[in-house]
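A structural walkthrough
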Amino acid sequence: QVQLVESGGGLVQAGGSLRLSCAASGSIFSVNAMGWYRQAPGKQRELVARILSGGSTNYADSLKGRFTISRDNAKNTVYLQMNSLKSDDTAVYYCNARVRPRFEYREYDYWGQGTQVTVSS
């Protein structure tokens, strides 16, 4: 079993910052890509940022310059630093990881439970 546990969401004023964390644990052989997605009320889930095990990143175009994704491979943990937050950033943020579990020969996508980020204007 593989679990993703997120932390760091909350309520922040517009212009403020938050840092999200997501740790993968369990029966893990390797972790490939890790990323963050978000879903606002009435909208589809969308990619925020993604990072490969080697450090390559990609971001939603609209978020470049405000959000930074990073990871600690030794801890199987991914972070999302969010600066200059706007009310439009209000959403549930989900962690995603592509993991090869122990004793498996393929990778699977796993999701965290989601953490609420609310930006007040």
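Structure's up top.
An account of the accompanying structure is given in this report. (Residues numbered from 1 in each chain as written. Predicted model: local features only at pLDDT ≥ 70, side-chain atom pairs only at ≥ 80, totals over all residues. Heavy atoms only, no water.)

1. Details of the overall build of the protein
Looking only at helices and strands, the protein features 0 helices and 11 strands. Secondary structure elements of the protein, listed N to C terminal, follow the sequence β-β-β-β-β-β-β-β-β-β-β. In terms of overall dimensions, the protein is globule-like: its C-alpha atoms have a radius of gyration of 14 Å, near the 14 Å expected for 121 residues. Each of the three principal axes of the protein carries a C-alpha extent, and together these read 50 × 25 × 25 Å. Considering the protein as a whole, with its 121 residues, one finds that 40% of them fall into the buried category. Sequence separation of 24 or more characterises 55% of the internal contacts of the protein that already satisfy a separation of 6 or more. Total accessible area computed for the protein in this model is approximately 6600 Å², and 45% of it derives from carbon and sulfur atoms. (Helix = DSSP H or I, 4+ residues; strand = E, 2+ residues; numbered from the N terminus. Rg over C-alpha atoms; globule rule 2.2 N^0.38 Å. Buried < 20%, exposed > 50% of the residue type's maximum accessible area, 1.4 Å probe, protein only. Contact = heavy atoms within 4.5 Å. Areas by Shrake-Rupley, 256 points an atom, 1.4 Å probe, with all protein chains shown as cover.)

2. Side note on the packing of aromatic side chains
Taken as a whole, this structure holds 1 aromatic pair when the rule is applied. Measuring from ring centre to ring centre gives 5.1 Å for Tyr-37 and Trp-111, while their planes differ by 65°; the resulting arrangement is edge-to-face. Separated by 74 residues along the polypeptide, Tyr-37 in strand β4 (residues 28–39) and Trp-111 in strand β10 (residues 108–111) bring together distant segments of the chain. If you follow Arg-45 out to its NZ or CZ, it ends over the ring of Tyr-94, 3.7 Å from the centre. The ring of Tyr-108 has Arg-106 lying over it, and the distance from NZ or CZ to the ring centre is 4.1 Å. (Phe/Tyr/Trp six-rings, centres within 6.5 Å; stacked < 30°, edge-to-face > 60°. Lys NZ or Arg CZ within 6 Å of the ring centre and 35° of its normal.)

3. Let's talk about the pattern of salt bridges
Opposite charge on two side chains lets them pair, provided their charged atoms get close. For the structure shown, the criterion picks out 5 salt bridges. In this structure, Asp-61 and Lys-64 form a salt bridge, with 3.4 Å as the shortest nitrogen-oxygen distance. Neither Asp-61 nor Lys-64 differs from the other in exposure class; each is exposed. Between Arg-66 and Asp-89 there is a salt bridge, and its shortest N-O distance comes to 2.8 Å. Here Arg-66 is found in the loop between β6 (57–59) and β7 (67–72), whereas its partner Asp-89 is found in the loop between β8 (77–82) and β9 (91–101), with 23 residues between them in sequence. Via salt bridges that share partners, Arg-38, Glu-46, Arg-66 and Asp-89 belong to a single interconnected network. (Salt bridge = Lys/Arg side-chain N within 4 Å of Asp/Glu carboxyl O.)

4. Some remarks on the state of the cysteines
Taken as a whole and assessed by the stated rule, the structure comprises 1 disulfide. Between the sulfur of Cys-22 and that of Cys-95 lies a disulfide, 2.0 Å long from S to S. Measuring the twist about the S-S bond at about -80°, one finds the Cys-22-Cys-95 disulfide to be left-handed. Here Cys-95 lies in strand β9 and Cys-22 lies in strand β3 (residues 18–26), a separation of 73 residues in the sequence. As far as burial versus exposure is concerned, Cys-22 and Cys-95 are alike and both buried. (Disulfide = S-S within 2.5 Å.)

5. With respect to the sheet that holds β8
Pairing within the open sheet is antiparallel, and its 4 strands lie in the order β1-β3-β8-β7. If you trace the sheet from one side to the other, it starts and ends with β1 (2–7) and β7, each paired once. If you compare each strand with its neighbour and ignore which way they point, the axes differ by 15° on average. Taken together, the 6 bridges between β3 and β8 define a ladder with antiparallel strand orientation. Within the sheet, the bridge partner assigned to Ser-21 lies in β8 and is Tyr-79. (Pairing = 2+ DSSP bridges. Axes fitted to C-alpha atoms, helices over the stretch in contact; angles between N-to-C directions.)

6. A few points about unusual backbone geometry
Residue Ser-84 is not a glycine yet carries a positive backbone phi of 50°. Here Ser-84 is to be found in the loop between β8 and β9. Phi is positive for Phe-103, which is not a glycine, with a value near 70°.

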